[in-house]
Amino acid sequence: ADKKVEKWTYSTCGYCSTGCSIEIGTNQDGIPVSSRGVGGADVNQGKLCLKGIFEHELFESPGRGTTPLIRNDFHDPWQNSDWDDATAKMAAEIKRIQSTYGRDAFAIVSTGQILTEGFYTLGKLARGVIGTNNYDGNTTLCMASAVSGYKRSFGSDGPPGCYEDFEHTDCLIAWGSNLPEQHPIIYWRMKEAQEKRGFPLIVIDPRVTMLAQNADMHLAITPGTDVVLQNALMHVILAEGLEDTDYIKANTNGFEQLQKEVQNYDPISAAKICGIDEDTIRHVARLYAKAGAAMNIWTMGINQSTHGSDGVVGLNNLSLLTGNIGKPGGTSLSITGQCNAMGTREWSSCSGLPGYRALENKQDREEIGAFWNVDPEFFPKKRGMAQTDIFPAIETGAIKGLWLIGTNPMTSMPNTARIRKTLEKLECLVVQDSYQDVETIEYAHIFLPAAIWAEKEGCFTNTERRVNIVRKIKEPYANTKTDLHIFNEIAKQFERSEKMTFPYKPADVFEEMRHLSKGRLVDISGMTHDLIEKNRGIQWPYTEEQANNGEQPPQGGKRLYTEPATFRYADGLAKLIPLPFIDNNEIPDEQYPFWLNSGRLVEHFHTRTRTGKIGNNNKYSPTPFMEMNPDAAADLGILHQTYVRVVSRRSDAVVMVMLTQRVPRNMVFIPFHFFDCVNRLTLGLLDPHSRQPAFKQSAVRIEHI
Ligand code: SF4
């Protein structure tokens, strides 16, 4: 194709939650040929990372689905279908399964990747039409602990801080977060701010990540001991009188119980559990508590744990004790994973109802029922299964049908050998994806080919609650359809939808969301698609009243809980929650002597359904590998770049060895992106609050092959 750009169109990157504004250049034939940053007040200020720079290549990448496919048995060859037949077959299967086994026997697992208008419509379809309570997102694999922790501490989900906090902070602690690889543009913003302000960057991570290499202090704690360290830091803060007493009195309850619990975590005993020295704990506690403003940020190192929710609450406890919520540079900020993990949390109804409404709340059910024209009694009164509980329920026969949307559990779930056997048991598996070669399609009966990212229009919400717009760059590929269109077509197959509205235009769907957001924490009633584009993203809340008063949308510095006692519990107070530590993970032993850790590479995203197809990403990182400490390798006679078998109690995987000091002697690290690799080995015990799996704490041994 002619590479000369005739037109640039504004959009938002569709990979990670940084939320970078992007422009896609199309040539005279309308073919996307280039990507560039936009500049100005956008979150990325004109920068893009490796994934964003080559995002235009996605549109024509290999493996795209072209037309709906159907078959009666997963052993049968696929037959080409059309949208009418495929959606009719799907609806017939849903009705058959629900009438035979009950409404909840058909489950839905969605994603953090599609546009918010699609999420909202899927929620309406799942909760108001199909009526299954077993509807969840793959965000259970990444952000569920953050959601749960925010709710427990503050009474609601919703990250209180923003990127501008980097420019005001006096101390930053990053817990299990490797920004340069996971969120490169957030890293760039943080680093720019650090160079100007000189605040200490402290990294807590068992592995020497790229962020740890650039830190002022690196605490390589024993995997899974973060809650012990948090308690020990609070022990020092309280013992030395460094807490913010006025803030605690005005904004929290539970102080006495917390104080009592952290007395058990003196630095000497905590240091032994965490594998670091006691003076380091005291030093970090003083640096953090004496800073004028201090931030905690975290990603999967905290969330993907059997006590991920407690780890988040622990960081919130630290922030509340020191008055570091709602002020510039003082926050507890979850760095989210997927481009629209926030959008699904806010609007998809996965674990509740739209606008952070709860199924458990009668008024919430009635409000949504009245607006959607659904009898509120049709809604369940409490949340159903999380994704990680849906798969075991397929094994026991409680779930017979499953619709997977933009997610690939054959690669992404822990213990994938078990997932493979589980999927075989389904009477109906529907896979909706932009790619026809996604691994999970092997067991599907219906394939719905979806338009990709900027072949559709709508919004994403990023890590700092900034709603930004994805404009359509080109028409959907071949016979693919937008997710919104697909959901509407499926809704039409059910009589129950006849009294409801299912708008096809994303801007009309956004109008419904605006209406439902009024007066909620997640108030977007002052926004429109056009205003969002004009401002290159607007952080919520931005109310209709503010817009009508001519108040300009905030430019990047919007925080939650800035006024006293404005948390979302009825009394306005945040909860300080004591966290007794129980280590219930698989830990290395004689038979399986290594910790197995996993994480992301800068070149790839999730299970490589996209980045594995783009030459400029895949050529830098085409194969899986395992980081191993050279001393541990020497003990076993293992050489650099040779292949070994890694064995866990679940299964085994063959990988190439990369000798590096990044990992300690008793740990190996394997990126999670590759099929039939690290997740064959992982155990994935679940957090009791969030149901998120502990991907990063399994035990393995290494064998020669
Ligand atoms: Fe896209 Fe994230 Fe890279 Fe920004 S940092 S360009 S949002 S992948």
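Residues numbered from 1 in each chain as written. Predicted model: local features only at pLDDT ≥ 70, side-chain atom pairs only at ≥ 80, totals over all residues. Heavy atoms only, no water.

Caption draft 1: Structural detail: the nonpolar core. Formed by 120 residues in total, the largest nonpolar core has its most connected members in L125, W175, L229, W403, L448 and W540. Among the elements that line this core, the one with the most residues is helix α8 (residues 226-239), at 9 residues. Of the residues that make up this core, three or more belong to each of domain 2 (69-141 + 347-450 + 476-526) and domain 3 (144-335). Here W175 is in contact with I204, D226, L229, Q230, L233, N296, I297, W298, T299, I302, L315 and L318, once residues within four sequence places are set aside. Judged by nonpolar contacts, the second largest core, of 25 residues, contains M410, M413, V438 and F447. (Core = buried A, V, L, I, M, F, W, Y, C linked by side-chain atoms within 4.5 Å. Buried < 20%, exposed > 50% of the residue type's maximum accessible area, 1.4 Å probe, protein only. Helix = DSSP H or I, 4+ residues; strand = E, 2+ residues; numbered from the N terminus. Domains from an automatic or database assignment. Contact = heavy atoms within 4.5 Å.)

Caption draft 2: Representation of unusual backbone geometry within the structure. Of note, the bond from W540 into P541 is cis; its omega dihedral lies within 30 degrees of zero at 0°. Following the sequence through the fold, P541 ends up in the loop between β19 (538-539) and α23 (544-548). Unusually for a residue other than glycine, H606 sits at a positive phi of about 45°.

Caption draft 3: The arrangement of the pattern of salt bridges in detail. Scanning all chains against the criterion turns up 44 salt bridges. Note that R536 is salt-bridged to D42, the shortest N-O span being 3.3 Å. Taken as a pair, R536 in the loop between α22 (529-534) and β19 and D42 in the loop between β3 (32-37) and α1 (50-53) lie far apart in primary sequence, 494 residues in all. The class of R536 is partly exposed, set by a relative accessible area of 28%. (Salt bridge = Lys/Arg side-chain N within 4 Å of Asp/Glu carboxyl O.)

Caption draft 4: Focus on the packing of helix α3 (residues 116-130) against helix α21 (residues 506-517). The geometry of α3 relative to α21 is characterised by a closest axis approach of 9 Å and an angle of 70° between their N-to-C directions. When the axes of α3 and α21 are compared, the pair comes out roughly perpendicular. Contact with α3, carried on its side by T116, E117, Y120, T121 and K124, involves P506, V509, F510, E512, M513 and L516 of α21 and no other residues of that element. A per-class count over the contact of α3 with α21 returns 6 nonpolar, 2 polar and 3 charged. (Axes fitted to C-alpha atoms, helices over the stretch in contact; angles between N-to-C directions. Parallel < 35°, antiparallel > 145°, perpendicular 65-115°, else oblique. Nonpolar A, V, L, I, M, F, W, Y, C, P; charged D, E, K, R; others polar.)

Caption draft 5: Inspection of empty space enclosed by the protein at higher detail. Applying the stated criterion across every chain yields a total of 5 cavities of 30 Å³ or more. What the largest cavity holds in volume is close to 720 Å³. In terms of lining, the largest cavity is formed by 44 residues, of which the most central are Q113, N138, Q338, F605 and H606. Looking at the lining of the largest cavity, its residues break down into 16 nonpolar, 22 polar and 6 charged. The volume enclosed by the second largest cavity comes to roughly 300 Å³. Along the walls of the second largest cavity sit 26 residues, with G176, D205, P206, G301 and K696 positioned nearest its centre. (1 Å grid on protein atoms, 1.4 Å probe; cavity = no way out; pocket = protein on both sides within 12 Å on 5 of 7 lines; lining within 4 Å. Points joined across faces, edges and corners; volume = space filled by probe spheres on them.)

Caption draft 6: Representation of the layout of surface pockets within the structure. Taken as a whole, the largest pocket holds about 840 Å³ of empty space. As for the largest pocket, its lining consists of 37 residues, and the residues nearest its centre are V147, K151, D157, S351 and Y356. Going through the elements one at a time, α4 (144-154) and α15 (341-347) are the ones with two or more residues in the lining of the largest pocket. Looking at the lining of the largest pocket element by element, the count peaks at 5 residues for α4. Its residues placed into classes, the lining of the largest pocket shows 10 nonpolar, 15 polar and 12 charged. Counting contributing residues per domain, the lining of the largest pocket is built from domain 2 (69-141 + 347-450 + 476-526) and domain 3 (144-335), each supplying no fewer than three. Space inside the second largest pocket adds up to approximately 330 Å³. Taken together, 18 residues form the lining of the second largest pocket, with E455, K456, E457, T482 and P506 sitting closest to its centre.

Caption draft 7: Just the packing of aromatic side chains, in detail. Applying the stated criterion to the full structure yields 13 aromatic pairs. Considering the side-chain rings of Y150 and W298, the 5.7 Å spacing of their centres and the 55° angle between planes classify their relative orientation as tilted. Of this pair, Y150 sits in helix α4 while W298 sits in strand β12 (residues 294-298); the two residues are 148 residues apart in sequence, bridging distant segments of the chain. The same class applies to Y150 as to W298, namely buried. The aromatic ring of W8 is capped on one face by R36, whose charged end is 3.9 Å from the ring centroid. For the cation-ring pair, K95 lies above F494, with the distance from its terminal atom to the ring centre recorded as 5.0 Å. (Phe/Tyr/Trp six-rings, centres within 6.5 Å; stacked < 30°, edge-to-face > 60°. Lys NZ or Arg CZ within 6 Å of the ring centre and 35° of its normal.)

Caption draft 8: Summary view of the site of the ligand. The environment of the ligand is made up of C13, Y15, C16, T18, G19, C20, L48, C49, K51, G52, P184 and I185. Within the residue set of the shell around the ligand, elements represented by two or more residues are α1 and α6 (184-197). Class assignment of the residues belonging to the shell around the ligand gives a composition of 8 nonpolar, 3 polar and 1 charged. (Near = heavy atom within 4 Å.)

Caption draft 9: The arrangement of the sheet that holds strand β18 (residues 466-470) in detail. Read from one edge of the open sheet, 3 strands run β17-β18-β19, paired in antiparallel fashion. Of all the strands in the sheet, the pair left with one neighbour each is β17 (458-461) and β19. Sheet analysis places β18 next to β19, joined by 2 bridges and oriented antiparallel. Looking at β19, one finds that V467 is bridged to I538. (Pairing = 2+ DSSP bridges.)

Caption draft 10: Broad picture of the sheet that holds strand β15 (residues 428-433). The strand order β5-β4-β16-β15-β14-β6-β7 describes an open sheet built from 7 strands, whose pairing is mixed. Because the sheet does not close on itself, it has two edges, and the strands there are β5 (79-80) and β7 (135-137). As paired elements, β15 and strand β16 (residues 446-449) share 4 bridges and run parallel to each other. Residue pairing in the sheet places D433 in a bridge with P449 of β16. Strands in contact with helix α2 (residues 83-101) are β4 (69-70), β6 (106-110), β14 (401-405), β15 and β16; relative to β16, the strand with the most contacts, it is inclined by about 135°. Its contacts with the sheet place α3 against β6, β7 and β14, and it is angled at close to 160° to β7.

Caption draft 11: Seen up close, helix α10 (residues 255-262). Every buried residue of α10 is accounted for by F255, L258, E261 and V262. Looking down the long axis of α10, one finds its buried residues gathered within 130° of arc, a one-sided arrangement. The outward face of α10, more than 90 degrees from its buried face, is lined by the exposed residues E256 and K260. Those residues of α10 that are buried lie in contact with α8, α9 (245-251), β11 (252-253) and α14 (308-321). (Arc of directions from axis to C-beta.)

Caption draft 12: Seen up close, the pairing of strand β21 (residues 594-599). Within β21, 6 of the 6 residues are buried, which leaves the element mostly enclosed by the surrounding structure. Burial along β21 is two-sided: the residues F594, L596 and S598 and W595, N597 and G599 are all buried. Judged from the 3 bridges that link them, β21 and strand β26 (residues 698-704) form a sheet pairing that is antiparallel. If you follow W595 over to β26, its bridge partner there is A699. Looking at chain direction, β21 and strand β25 (residues 667-671) are connected through 5 bridges and run parallel. Directly across from W595, in β25, lies its bridge partner M667.

Caption draft 13: Region of interest: the domain arrangement of the chain. Annotation of the chain at the domain level lists domain 1 (7-60), domain 2 (69-141 + 347-450 + 476-526), domain 3 (144-335) and domain 4 (594-704). A C-alpha centroid distance of 31 Å is found between domain 2 and domain 4. Taken together, the contact between domain 2 and domain 4 spans 19 residues of the former and 23 residues of the latter. Carbon and sulfur atoms make up 54% of the area that domain 2 and domain 4 hide from each other, which totals about 1800 Å². The tally of links from domain 2 across to domain 4 stands at 2 salt bridges. (Buried area = accessible area lost by both parts, 1.4 Å probe.)

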